[in-house]
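Breakdown of the fold
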Amino acid sequence: MKLLARLSPLALGLTTAVHAFSFDLDVLGRAPSYTDLVSFDNYSLSLLGQRLFLHSGEFHTYRLPVPDLWPDILQKVKAAGFNSLSIYTHMGSINPAPGVIDFDGYRALKPLYEAAKEAGIWLVMRPGPYINAEISAGGLAHWLTSEVAGTLRTNATDFHDSWVPYIQGFIDETAPYQITEGGPVIAVQIDNEYSQKLGAEFFQELIDYYHASDIVVPLTYNDPGQNKNFINGTGAVDLYGIDYYPQLFDCSNPYDWKPLRSNYLQYHLEANPSQPHYSPEFQGGAFDAWGPTAPGYDSCATLTGPDFMDVFYKHMWASNAKLMSYYMIYGGTSWGAMPFPGVYTSYDYGATISENRVLRNKYGELKRQGFFIRSSPDFYKTQWLGDTLNGLKVGAPEDTFVTHLLNPDTQAGFYILRHNDSASRDNVDVPITIQTSAGPIDTSIVLDGRQSKIILADYKFGASSSILYSTAQVYFAGVIDDRDVILLYGDEGQDVEFAIDLVGENNAEVPEGVSITEGNTTVVSVSTTTGLLTIHDSDAQLVLFADTETATGFFAPTIPDATADFGNFWSYGTNNTVLVGGGPYLVRTASIDGETLVLTGDLNTSTTATIIAPASVQAVKWNGVDLEVSASNVSSKGALQAALPFAGLSEQISLPTLGGWKYRDSLPEITTGYDDSAWTIANKTQTNIPQKPLYGDGRVLYGCDYGFCENIVLWRGHFNSTGEQKSVNLSINGGQAYAATVWLNDVFLNTSYGNSTNNRNPIEERDLVFNFPEGALVDGDNVITVVQDNMGLNETNGGNPNSSKGPRGIRGFQLDSGNFSDWKVQGKVGGYTDFPDKKRGVMNEGGLFGERAGWHLPGYDTSEWEERDLSQGLAEGKAGVGFFVTTFDLDIPEGVDAPISLTFEEELGAAYRVYLFVNGWMMGKRVANLGPQYKFPVHEGILDYHGTNTVAVALWAMEDEEVSPTLALTLDAVFEGGVGEITIDNPQWEATGREVE
Ligand SMILES: *[C@@H]1O[C@H](CO)[C@@H](O)[C@H](O)[C@H]1NC(C)=O
């Protein structure tokens, strides 16, 4: 479907519009030629003229390098009642070299856009070019950090020229998928987290560039704090937002909450009162740093767990925020050279969806919030009536805090209640007076520790039903089969009540624990309960109540309307849904085909689903299989029970033991007579990197200046023996947690270690003297060989946009006597301009001999290699680098999503690093003497679940010590269902155009 950009919703004949909008162009700062299909006022965003609570999470497709799995994340987000995702794109992958724009494979946007359309998920795109994101150089292409002389993220001409092809590429991919074209893209963010003082002209250049292009959706911004950047003046965007991470990023003490900050709304009203309150990033987890005391991502998930989401997210609702995106909702993997030096390979983030795509317990809270928002359109436009006791009488205890929000059009009231001390663990009974259209109501509500609740007044649901007030929470409200349906819930052991206009002749008995008092309006009181209760069941209305856990088991999938525009988007193309509860792990999609409800989803156990559907539904298909269906007593019509069969396929899965390893030394560079004549001579004396060489002879030994910007880089410094030399002084820069091992000829000298202890005491460069042992010096030509791990480039810090240019390499070199003749450098084959593996891209490999030869790739012939078990480590317990390669077969049953990890099983502590390649993809960096990561999830799509797989371990021992890595395949979970067929496309060694060494 094509829509003309300039059509108004009325011209589109949209009758569902709740908001006849007009906007003041001066306020919006936008010319009238842009689309009015996306608009906003001081309350909320509107799409197609209809208000929306933008309910979103952050997902980086490049951190899940299997495009066939992207719909899995979209479906999981959609199934929680959410309507949007926020997406960074990665310049560093898409634009690996000057003038090269590559939207193939995991870099593609089209499959994301198609999947979002299919799932009914709106997208806010955030292409940067700078994204921060705990990614090397904050996402800027590595090449520009050395090729651009001007200051990054300014209007410097060469910086401008460096981002134009990438942004133009993004525009070409994205413009056809804007909402104006029937697509999912509703906004584009300008860069990220910056300062107007430093970047006003740069932002204005980006804005002008978009405005001269086919991009017509609003341009947005994410401020890193309450700094009022880019609201007015040069570089100001259309819609301003701010990010909040109330618990920051140390997950070491996950039960100690930092206090909730009370001035969110006040800041918004000072900063941009004519716009809606928008948080493009609100804390959805936290990243974790290198180091033995790093707490790991499960701690981050605890720190930002369901109670945190309950209290802190609803505090943003209480601050009248109507656009919220949780960073991250799925973190994924910073594979290859993606991480900035502050984080390790996993970017799990403690997010709701874990790195291996398994749902954490946070998902239940996400669903409760997602379905409440989706069910409550009156909440999309509210006035804030004060956060004192306004409108609500709160007696003892006085330590609770309530905010009253009121819809000015419908008078629906929302009282958001929490403890004054957000971290309080007290359980209190709070007396309240609720203002309703029938006058003030005195009642009380129980508030548990670290809990937030919403008390409703004059809440409308379905087509014509209403609740006068409720201390029960709303899980779902809507229309099913022309009947108004609501599912309320309360915690076990907490009494709740609600006053409701019950409509139609009731077919239900009053359940135990429920009392119904008829009056002007009927008051329903529910005491301690478990399970699903039918309160009222008529042809016009179905009122259900459940305990929190039972309610949370329900899904309400969107039933797309194939004939409508935006037919998969909730409330835009369809309002049709069904309720499916009782234990399916996930309900992905639903449709109705005649009398059959067609569901797809995942199971991790057998269960019986309770289904509320149109009365015409007589049969249910689950993942293509007809289910055994029986009547359910939940409702007199439209209620079914269906047995969901878990076949127990997990018992058919046994993962092979990794064995039969083949071994080959990967450091011929330290052997006598090694020929480095094909290597690049490192003889530059100029660099655009601000940190200049510390000492030496003026030569610049920074890898990126020679095209070798990421992963391992090798250096060889030649000198003639004077017979006198006893040492060399080297200052080596690799970024936080780096290592660099140094040899004189074939004699190990020492390893220079960076450091990090949970982001404290980080060391990114060390200046050390390497002493030559007796007899190491030879007559004539001697060679210092340095194997250097490049941990990535820093993010831009504070006031210095050039801090993402980094001197990774050797910043100082000096023999104690005499001088170096040639310095040679070698990184990945071809450097960034001519690397052969276009599929896996510029981030994948580095300069180890084995990588240059392609030993990490599937199909490399290792038949002549030595047989040696990985646990035997390198020969003779020496420092060095070797490759271990083996293959294994997987035979995972079809129709199963079985996340698998590669797990190092021995304790932390040994002085080695591993670059772990799975079917050619560098899926993990194990730093055994630093930690913490030992388990590396690898997805189907990288793994072939129905064939042969290759694992290659590049083992770098950093001391003359025995190391003994043990590696195993581990099965993380088994779900019957999944997203469907996954294409396997892992180019073999032959296909990546390398020569046998
Ligand atoms: C960058 O912006 C400054 C401030 O407006 C201006 O003086 C300068 O000429 C601009 N530089 C370029 C290259 O456009």
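Conventions used here
Residues numbered from 1 in each chain as written. Predicted model: local features only at pLDDT ≥ 70, side-chain atom pairs only at ≥ 80, totals over all residues. Heavy atoms only, no water. Pairing = 2+ DSSP bridges. Helix = DSSP H or I, 4+ residues; strand = E, 2+ residues; numbered from the N terminus. Axes fitted to C-alpha atoms, helices over the stretch in contact; angles between N-to-C directions. Contact = heavy atoms within 4.5 Å. Buried < 20%, exposed > 50% of the residue type's maximum accessible area, 1.4 Å probe, protein only. Polar contact = N/O pair within 3.5 Å; in protein donor to acceptor, adjacent residues only side chain to side chain. Phe/Tyr/Trp six-rings, centres within 6.5 Å; stacked < 30°, edge-to-face > 60°. Lys NZ or Arg CZ within 6 Å of the ring centre and 35° of its normal. Domains from an automatic or database assignment. pLDDT = per-residue confidence, 0-100. Salt bridge = Lys/Arg side-chain N within 4 Å of Asp/Glu carboxyl O. Near = heavy atom within 4 Å. Areas by Shrake-Rupley, 256 points an atom, 1.4 Å probe, with all protein chains shown as cover. Parallel < 35°, antiparallel > 145°, perpendicular 65-115°, else oblique. Left-handed = near helix turned anticlockwise from the far one by under 90°. Nonpolar A, V, L, I, M, F, W, Y, C, P; charged D, E, K, R; others polar. Disulfide = S-S within 2.5 Å. 1 Å grid on protein atoms, 1.4 Å probe; cavity = no way out; pocket = protein on both sides within 12 Å on 5 of 7 lines; lining within 4 Å. Points joined across faces, edges and corners; volume = space filled by probe spheres on them.

1. Some remarks on the sheet that holds strand β50 (residues 900–904)
Taken in spatial order, the three strands of this open sheet run β53-β50-β55, and their pairing is antiparallel. If you trace the sheet from one side to the other, it starts and ends with β53 (935–938) and β55 (967–971), each paired once. Between one strand and the next, the sheet's axes are offset by a mean angle of 30 degrees, whatever the strand orientation. Looking at chain direction, β50 and β53 are connected through four bridges and run antiparallel.

2. A few points about the environment of Gly-150
Within the secondary structure, Gly-150 sits in the loop between α5 (142–147) and α6 (157–174). Spatially, the C-alpha atom of Gly-150 lies 8.1 Å from that of Asn-688, the residues being 538 residues apart in sequence. The contacts of Gly-150, once residues within four sequence positions are left out, are Ala-156, Asp-158, Asn-802 and Lys-805.

3. Focus: the side chain of Arg-483
Structurally, Arg-483 is set in strand β20 (residues 483–490). A residue is classified by how much of its surface remains accessible, and Arg-483, at 2% relative accessible area, is buried. Polar contacts involving the side chain of Arg-483 include one to the main-chain carbonyl oxygen of Lys-637, which spans 3.0 Å. Not counting residues within four places of it along the chain, the set of residues in contact with Arg-483 comprises Gly-478, Asp-537, Ser-538, Asp-539, Ala-540, Gln-541, Leu-542, Ile-612, Ser-635 and Lys-637.

4. Let's talk about the packing of aromatic side chains
Counted under the stated rule, the structure contains 64 aromatic pairs. When the centroid spacing of 5.9 Å and the interplanar angle of 80 degrees are considered together, the rings of Trp-163 and Tyr-209 count as edge-to-face. One end of the pair, Trp-163, is in helix α6; the other, Tyr-209, is in helix α7 (residues 196–211), and 46 residues separate them in sequence. Relative to Trp-865, the ring of Tyr-860 lies with its centre 6.0 Å away and its plane at 55 degrees, an arrangement referred to as tilted. Under the relative-accessibility criterion, Trp-865 is labelled buried at 7%. One aromatic cluster is present, built from ring pairs that chain together Phe-82, Tyr-244, Trp-257, Tyr-264, Phe-282, Phe-308, Phe-312, Tyr-313 and Tyr-326. Taking the ring centre of Phe-555 as reference, the NZ or CZ of Lys-367 above it sits at 3.5 Å. Taking the ring centre of Trp-257 as reference, the NZ or CZ of Arg-450 above it sits at 4.1 Å.

5. What about the domain arrangement of the protein?
By the assigned domains, the protein splits into domain 1 (25–330), domain 2 (382–553), domain 3 (651–664 + 841–977) and domain 4 (668–826). Inter-centroid distance (C-alpha atoms) of domain 2 to domain 3 is 54 Å.

6. A few points about the confidence of the model for the protein
Mean pLDDT over the protein stands at 93; residues scoring 70 or higher make up 95%. Scored below 50 in pLDDT, residues 1–32 makes 61 contacts in the model with residues more than four places away or belonging to other chains.

7. Here we look at the pattern of salt bridges
Following the criterion strictly, the structure yields 33 salt bridges and no others. Of the charged contacts, one joins Glu-906 and Arg-926 as a salt bridge, the two residues approaching to 3.2 Å between their closest N and O atoms. Note that Glu-906 is positioned in the loop between β50 and β51 (912–918) and Arg-926 in strand β52 (residues 921–927), a separation of 20 residues in sequence. Exposure remark for Arg-926: the relative accessible area of 0% places this residue in the buried category.

8. A closer look at the site of the ligand
Every residue lining the ligand is accounted for by Asn-155, Thr-157 and Glu-201. At 2.3 Å, a side-chain N or O of Asn-155 approaches an oxygen atom of the ligand. When isolated, the ligand has an accessible area of 360 Å², and the protein chains bury 35% of it.

9. A few points about the packing of helix α10 (residues 306–318) against helix α11 (residues 362–375)
Contact geometry of α10 with α11 gives a least axis separation of 8 Å together with a crossing angle of 30 degrees. What the angle tells us is that α10 and α11 run roughly parallel. For the element pair α10 and α11, the recorded crossing hand is right-handed. Mapping the contact onto sequence places Pro-306, Met-309, Asp-310, Tyr-313, Lys-314 and Trp-317 in α10 and Lys-362, Glu-365, Leu-366, Gln-369, Phe-372 and Ile-373 in α11. Counted by class, the contact of α10 with α11 contains seven nonpolar, one polar and four charged residues.

10. A closer look at the state of the cysteines
Evaluation of the coordinates by the stated rule reveals two disulfides. Residue pairing for Cys-251: its cysteine sulfur links by disulfide to Cys-300, the two sulfurs lying 2.1 Å apart. Judged by the sign of its S-S torsion, about 100 degrees, the bond between Cys-251 and Cys-300 is right-handed. With Cys-251 in the loop between β9 (239–244) and α8 (264–271) and Cys-300 in helix α9 (residues 297–303), this residue pair connects regions lying 49 residues apart in the sequence. For the pair shown, Cys-251 and Cys-300 are each scored as buried. In this model, Cys-704 is linked to Cys-709 through a disulfide, with the two sulfur atoms separated by 2.0 Å. On the S-S bond that ties Cys-704 to Cys-709, the torsion sits near 80 degrees, and the link is right-handed. Both residues of the pair, Cys-704 and Cys-709, belong to the buried class. Each disulfide of the protein joins two cysteines, and with those cysteines numbered along the sequence the arrangement is 1-2, 3-4.

11. A short note on the packing of α6 against α7
The geometry of a pair of packed helices is captured by two quantities: the angle between their axes and the separation between those axes. It is at 11 Å that the axes of α6 and α7 come closest, and there the two elements cross at 35 degrees. Note on packing geometry: the crossing formed by α6 with α7 is right-handed. Contact residues: α6 offers Phe-159, His-160, Trp-163, Val-164, Ile-167, Gln-168, Phe-170 and Ile-171, while α7 offers Phe-202, Glu-205, Leu-206, Tyr-209 and Tyr-210. Here the residues of the contact of α6 with α7 sort into ten nonpolar, two polar and one charged.

12. What to know about empty space enclosed by the protein
In this structure the tally under the stated criterion is ten cavities of 30 Å³ or more. Size it by volume and the largest cavity reaches roughly 130 Å³. In terms of lining, the largest cavity is formed by 17 residues, of which the most central are Gly-336, Ala-337, Pro-339, Met-791 and Lys-925. For the lining of the largest cavity, the class distribution of residues is nine nonpolar, six polar and two charged. Per-domain counts for the lining of the largest cavity show at least three residues from each of domain 3 (651–664 + 841–977) and domain 4 (668–826). Within this model, the second largest cavity holds a volume of roughly 60 Å³. Looking at the lining of the second largest cavity residue by residue, the class counts come to ten nonpolar, one polar and no charged.

13. With respect to the side chain of Asn-790
Examined against the element boundaries, Asn-790 turns out to sit in the loop between β44 (781–788) and β45 (809–815). Within the structure, Asn-790 has its side chain in polar contact with the backbone oxygen of Cys-709 (distance 2.8 Å). Setting aside residues no more than four positions away along its own chain, Asn-790 makes contact with Cys-709, Glu-710, Asn-711, Gly-734, Arg-808 and Lys-925.

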